[in-house]
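For reference, the chains in residue letters:
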Amino acid sequence: MDDPYVDPNPRVELEPHLRGIPFRLDESEARVERREAESPRAPSDWERMDQGVWEEPWMRDQLPIQQGGSNDSDVMTYEGWLERGRAKYSDAATWWITLGVALAAGPWAIGGALLNGAAGLPQVFLVVLIGPIVEELMKTAIPFGVIETRPFWFRSPTQVVVCSLAGGLVFASIENVLYLHVAIANPSAQITIWRWTVCTAMHATSSTIVGLGLARIWSTTWAQRARPDMSLGYPFLVAGIVIHGLYNASALAIEALGWIQ
C-alpha cells in the first residue's frame, strides 16, 4: 500500500523557494515588523544579557570591564544585570514585592490543584503521589519564577522562605474553606478542627521546606553571581512532597478506619 504521507514525486524543483513563488510574510509577523519600525525599542537589560555572548567562557577574558557594568550597550553579563537590577529596588520595595508574591502563591496553587482531578487516574494515586507533587510545585511556583527571572526582587533568603510559608498557609486556608463549605456537607467539629490544625500545619511545613531549597538557590546565585542552579533545591522539593504524600496517605487510612467522622 502506498504511504499517503510520502510525496510520490519528491523532486527538488518543487521546493517553494525554487518554484518562483514570491515569499509572503505572515500577517502577524508583518504587524510586528511594522510596529517595531514605527516605534523602535531599545533592548532591555534582560534581553541584552540573555541574548548576548559575554557569558560564553571564551568571551569572558575579552570583557571591557570584568564586572559587566560597562556603558557599552552591547555588553551585559549576568553579574552586571544582577547588580543593575538590585540598584533599582530599595529594601522596602523588596518587602512589598515579597508581600505580593506571598499573597499570590496560595491562589495560584489552588488553580493547579483544581486541574489535578481531571487526570482520570485512581484516587489513591492522585491523592498520595500526583496531588502532593502538583501542590508543592504550585505553592512555590511564583517565588521559584522570581528567583529564575528577577532574583533582585528579594533582598534576603528570609524573604524567599516567607513567600513559601505564606503560600502554604494561604493555600491551606482557601482549601479548608472549599472543603468545609462546599465539598463536605455539614462537616463535623472533628473534621473542622483537623483541617485548621493538622492539615494547615502540614501545608505550611512542606512548603517551608521547599522554600528552604529555593533560599539555597537564591543565596548561591548571589554568592557566585551566576545563573540560578535549580538542582540545588531538588532535595528540599522531594522532602516536601514526601511529607505531603505521607500525610495524605495517613488521612486516607484514618478516613477508612472511621477514626474521624
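Residues numbered from 1 in each chain as written. Predicted model: local features only at pLDDT ≥ 70, side-chain atom pairs only at ≥ 80, totals over all residues. Heavy atoms only, no water.

A.B. asks: Help me understand the overall build of the protein chain, please; the structure alone is not making it clear to me.
C.D. replies: A tally of regular secondary structure across the protein chain gives ten helices and zero strands. When burial is assessed residue by residue, the protein chain has 33% of its 261 residues classed as buried. Put simply, of all contacts in the protein chain between residues at least 6 apart along the chain, 71% involve residues at least 24 apart. Surface accessibility of the protein chain: about 15,900 Å² in total, with carbon and sulfur atoms responsible for 62%. (Helix = DSSP H or I, 4+ residues; strand = E, 2+ residues; numbered from the N terminus. Buried < 20%, exposed > 50% of the residue type's maximum accessible area, 1.4 Å probe, protein only. Contact = heavy atoms within 4.5 Å. Areas by Shrake-Rupley, 256 points an atom, 1.4 Å probe, with all protein chains shown as cover.)

A.B. asks: Hey, could you run me through unusual backbone geometry in this one?
C.D. replies: Glycine aside, the phi torsion of most residues is negative, and most peptide linkages are trans. Its identity is not glycine, yet Asn186 carries a phi of approximately 50°, on the positive side. In this structure, Arg225 takes a positive phi of about 50° despite not being glycine. Structurally, Arg225 is set in the loop between helix H9 (189-224) and helix H10 (234-257). The class of Arg225 is partly exposed, set by a relative accessible area of 30%.

A.B. asks: What is the right way to read a nonpolar patch on the surface from this model?
C.D. replies: Taken together, the side chains of Trp96, Leu99 and Leu103 make up a nonpolar region of the molecular surface, amounting to roughly 370 Å² of accessible area. The residue Leu103 is located in helix H5 (residues 91-116) in this model. Assessed through its relative accessible area of 52%, Leu103 is described here as exposed. (Patch = residues over 30% accessible without salt bridge, like charges linked within 9 Å, V, L, I, M, F, W, Y side chains within 5 Å. Salt bridge = Lys/Arg side-chain N within 4 Å of Asp/Glu carboxyl O.)

A.B. asks: Hey, could you run me through the packing of aromatic side chains in this one?
C.D. replies: Between two aromatic rings, the relevant description is the distance of the centres plus the angle of the planes. Counted under the stated rule, the structure contains six aromatic pairs. Ring plane angle 65° and centroid distance 5.0 Å describe the contact between Trp81 and Phe152, whose orientation is recorded as edge-to-face. Taken as a pair, Trp81 in helix H4 (residues 78-87) and Phe152 in the loop between helix H7 (141-149) and helix H8 (157-183) lie far apart in primary sequence, 71 residues in all. Here the aromatic residues Tyr78, Trp81, Tyr89, Phe152 and Trp153 are joined through ring pairs into a cluster of three or more. Sitting over the face of the ring of Trp222, Arg86 holds its NZ or CZ atom 4.4 Å from the ring centroid. One residue, Arg195, lies across the ring of Tyr179, its end atom 4.2 Å from the ring centre. (Phe/Tyr/Trp six-rings, centres within 6.5 Å; stacked < 30°, edge-to-face > 60°. Lys NZ or Arg CZ within 6 Å of the ring centre and 35° of its normal.)

A.B. asks: Even after reading the chapter, I still don't get the pattern of salt bridges, so can you show me in this structure?
C.D. replies: Close approach of charged atoms lets side chains of opposite charge pair. Per the counting criterion, the structure on display carries four salt bridges. Salt-bridge contacts for Glu83 lead to Arg225; the nearest nitrogen and oxygen are separated by 2.8 Å. Here Glu83, found in helix H4, pairs with Arg225, found in the loop between H9 and H10; they are 142 residues apart in sequence, far enough to count as distant. Residue classification places Glu83 among the partly exposed residues on the basis of a relative accessible area of 34%. For Arg155, the salt bridge identified is with Asp91, shortest N-O distance 2.6 Å.

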